[in-house]
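Given next are the chains, with one letter for each unit.
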Amino acid sequence: MADMTARLGPLTLPNPVLTASGCAAAGRELHQFFDVASLGAVVTKSIMTRPRSGRPTPRMAETPSGMLNSIGLQGPGIDSFIENDLAWLAERGARTVVSIAGGHTDEYVELARKLAGNPAVSMIEVNISCPNVESRGQVFACDAIASSRVIGAVRRVADPGQPIFAKLSPDVTDITHIARACADAGADGFSLINTLLGMVIDTDTMAPALGGVTGGLSGPAIRPVAVRCVWQVHKALPHLPILGMGGIRSGLDALQFVLAGASAVSVGTAVFGDPSAPVRVLGELEQALDERGFGSLRDAVGFAHLDRPARGGRLVPAAEEAAAS
């Protein structure tokens, strides 16, 4: 069986499948279906400095092969999160990636300071790309300078032992430009991708279907975009790890992300129809790696970039390929 150990910068995880931020709060909802500690880690819903009620209803709308959400970062605030949700995850032995979000740089700094030194925090995902906020001007990831400013500020105050991953938006002309700015500011890696900004109009009411008008598109419909982004960022910055996400429903979906350059993956929208999807995807990914001759997950990361690809659906050892040529 393939070694499924995953490495996200200095963080080592027992396996490469995580939840995706926003799809299972802090994991309590999924724990009734499987042990959340069995995953590589739980990625929490993005938390802000203070309690937030979110956007007006309706907040969700189905789309072909996906869904739109317009939750608006509803949450209890960082103090309640640490006391209740983070403590709950720690009690169950789950590794935790805390997603943080803010309206300006000072809020991100405050969040990072409150999480610094907390042994329950395995990594911080800096959500600079949420499309659900009221003002598109708050989407830092659409501007390289703003992205760099936030990531640099977080890196300076965060615990040196806590990796900092920048969560980026696909709603840009060149995602590698934003990624480079974040890397230069001290990001240890990237979460790719956040949802795409979308909209649905109800043809009966002839008005926007979402109370907040626009929302974030997720699900299988965005997977090709997500794989493309992972490919581009890995090619540009191959030394930095990527947590890939966007429409993963199966082990073969996850394998696409790994081959494109992701060191681990997050499963999100799939849990709405199949709450046990993360553990199922993990088993399917392990089987897929075994069937293709990979001895470890790390051997498969970025494999599609190699000049010597697989032939006939299996790996070709270098010696065998040389003999055949």
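## A look at the packing of helix 7 (residues 251-260) against helix 8 (residues 277-291)
Line of reasoning, step 1. As a packed pair, helix 7 and helix 8 sit with axes 7 Å apart at the nearest point and diverge in direction by 65°. Considering the relative orientation of helix 7 and helix 8, their crossing is right-handed. Between helix 7 and helix 8, the contacting residues are Gly251, Leu252, Ala254 and Leu255 on the first element and Val281, Glu284, Leu285, Ala288 and Leu289 on the second.
Line of reasoning, step 2. Partitioned by chemical class, the residues of the contact of helix 7 with helix 8 number seven nonpolar, one polar and one charged.

## Side note on the sheet that holds strand 7 (residues 96-100)
Line of reasoning, step 1. Strand order in the open sheet formed by eight strands is 3-16-15-10-9-8-7-4, with parallel pairing between adjacent strands. Edge positions in the sheet fall to strand 3 (17-19) and strand 4 (42-43), since each has one partner strand and no second.
Line of reasoning, step 2. Relative to strand 8 (residues 121-127), strand 7 runs parallel, the two being bridged by five bridges. Opposite Val98, over in strand 8, you have Ile124 as the bridge partner.
Line of reasoning, step 3. Contacts between helix 6 (residues 223-236) and the sheet are confined to strand 10 (189-192) and strand 15 (242-245), with strand 15 contributing the most and set at about 165° to the helix.

## A word on the packing of helix 2 (residues 78-91) against helix 3 (residues 105-115)
Line of reasoning, step 1. At a closest axis distance of 11 Å, the pairing of helix 2 and helix 3 adopts a crossing angle of 35°. Crossing geometry of helix 2 relative to helix 3 is assigned as right-handed. Along its contact with helix 2, which presents Ile78, Asp79, Ile82 and Leu86, the element helix 3 presents Leu111, Lys114 and Leu115.

## Some remarks on the side chain of Thr96
Line of reasoning, step 1. Tracing the sequence through the fold places Thr96 in strand 7.
Line of reasoning, step 2. With residues near it in sequence (within four places) discarded, Thr96 still touches Val42, Thr44, Leu86, Leu89, Ala120, Val121, Ser122 and Met123.

## A few points about the confidence of the model for the protein
Line of reasoning, step 1. Scored by pLDDT, the protein comes out at a mean of 92, with 92% of its residues at no less than 70.
Line of reasoning, step 2. For the stretch residues 317-323, pLDDT sits under 50, and the model shows six contacts to residues farther than four places along the chain or on other chains.

## Considering the pairing of strand 5 (residues 60-63)
If a strand is regular, its side chains alternate between the two faces of the sheet.
Line of reasoning, step 1. Taking every second residue as pointing to the same face, the buried face of strand 5 carries Ala61 and Thr63, while none of Met60 and Glu62 on the other face is buried.
Line of reasoning, step 2. In the sheet, strand 5 pairs with strand 6 (residues 66-69) via four bridges, with the strands oriented antiparallel. Bridge pairing links Ala61 to Leu68 in strand 6.
Line of reasoning, step 3. If you look at the hairpin formed by strand 5 and strand 6, you'll find two residues sitting between the two strands, and Ser65 has a positive phi there, around 60°.

## Notes on the nonpolar core
Line of reasoning, step 1. Membership of the largest hydrophobic core comes to 99 residues, with the highest contact counts inside it found for Ile100, Val126, Ile128, Leu168 and Phe190.
Line of reasoning, step 2. Excluding anything up to four places from it in sequence, Ile100 contacts Ile47, Tyr108, Leu111, Leu115, Ile124, Glu125, Val126, Asn127 and Val154.

## Describing the sheet that holds strand 6
Line of reasoning, step 1. The strand order across the open sheet formed by four strands is 5-6-14-11, and the pairing between neighbours is antiparallel. Among the strands making up the open sheet, the edge pair consists of strand 5 and strand 11 (196-199). Strand-to-strand twist in this sheet, taken as the mean axis angle between neighbours without regard to direction, amounts to 40°.
Line of reasoning, step 2. Here strand 11 pairs with strand 14 (residues 214-218) via four bridges, running antiparallel. If you follow Leu196 over to strand 14, its bridge partner there is Leu217.

Rules used throughout
Residues numbered from 1 in each chain as written. Predicted model: local features only at pLDDT ≥ 70, side-chain atom pairs only at ≥ 80, totals over all residues. Heavy atoms only, no water. Axes fitted to C-alpha atoms, helices over the stretch in contact; angles between N-to-C directions. Helix = DSSP H or I, 4+ residues; strand = E, 2+ residues; numbered from the N terminus. Left-handed = near helix turned anticlockwise from the far one by under 90°. Contact = heavy atoms within 4.5 Å. Nonpolar A, V, L, I, M, F, W, Y, C, P; charged D, E, K, R; others polar. Pairing = 2+ DSSP bridges. pLDDT = per-residue confidence, 0-100. Buried < 20%, exposed > 50% of the residue type's maximum accessible area, 1.4 Å probe, protein only. Core = buried A, V, L, I, M, F, W, Y, C linked by side-chain atoms within 4.5 Å.

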